[in-house]
Amino acid sequence: MYTLTVYDASGEKLLEKTFEASGDKEAKLKGEQLLVESNYQDKTHRCTSSQGKLILFHR
């Protein structure tokens with residue numbers, strides 16, 4: 001399980017989505033796809049695994 005979280009400049013949470021992936025590489029691709037679909041790719045975001053591993057980050 002992986003969680004993608006997106007924030008605006010004030011720190012307000014814009015999106016929090018949990019999804020499944022077979023591994024970190026697939027999770028990164030899925031996270032990037034979700035960002036593009038939501039038009040949040042330029043917002044501060046992170047994607048983490050259920051073990052707390054940081055998979056994707058942008059500030």
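Residues numbered from 1 in each chain as written. Predicted model: local features only at pLDDT ≥ 70, side-chain atom pairs only at ≥ 80, totals over all residues. Heavy atoms only, no water.

**Observations concerning the confidence of the model for the protein**
Argument step 1. On average, residues of the protein carry a pLDDT of 96, and 100% of them reach 70 or more.
Argument step 2. Looking over the protein, one finds the lowest element-wise mean pLDDT in strand 4 (residues 54–58), namely 96, and the highest in strand 1 (residues 2–7), namely 98. (pLDDT = per-residue confidence, 0-100. Helix = DSSP H or I, 4+ residues; strand = E, 2+ residues; numbered from the N terminus.)

**Focus on the environment of K28**
Argument step 1. Note that K28 resides in helix 1 (residues 24–38).
Argument step 2. The partly exposed category is assigned to K28, whose relative accessible area is 38%.
Argument step 3. A C-alpha to C-alpha distance of 9.9 Å links K28 and L54, two positions 26 residues apart in sequence.
Argument step 4. The contact partners of K28, leaving out residues within four places of it in the chain, are I55 and L56. (Buried < 20%, exposed > 50% of the residue type's maximum accessible area, 1.4 Å probe, protein only. Contact = heavy atoms within 4.5 Å.)

**A look at helix 1**
Argument step 1. Across its 15 residues, helix 1 extends 21 Å between first and last C-alpha, which sits within 8% of the 21 Å expected from 1.5 Å per residue.
Argument step 2. Within the sequence span of helix 1, burial applies to A27, G31, L34 and L35. Across the axial projection of helix 1, the buried residues extend over an arc of 100°, all falling on one side. In helix 1, the exposed positions angled more than 90 degrees off the buried face are occupied by K25, L29, V36 and E37.
Argument step 3. Close packing links the buried residues of helix 1 with strand 1, strand 2 (13–19), strand 3 (44–49) and strand 4.
Argument step 4. Positive phi appears at N39, one or two residues downstream of helix 1, with a value of about 60°. (Expected span 1.5 Å × (residues − 1). Arc of directions from axis to C-beta.)

**A look at the environment of S38**
Argument step 1. Locating S38 in the fold gives a position in helix 1.
Argument step 2. Residue S38 is classed as partly exposed on the basis of its relative accessible area of 29%.
Argument step 3. Put simply, S38 and L15 are 23 residues apart on the chain and 8.9 Å apart in space, counted from C-alpha to C-alpha.

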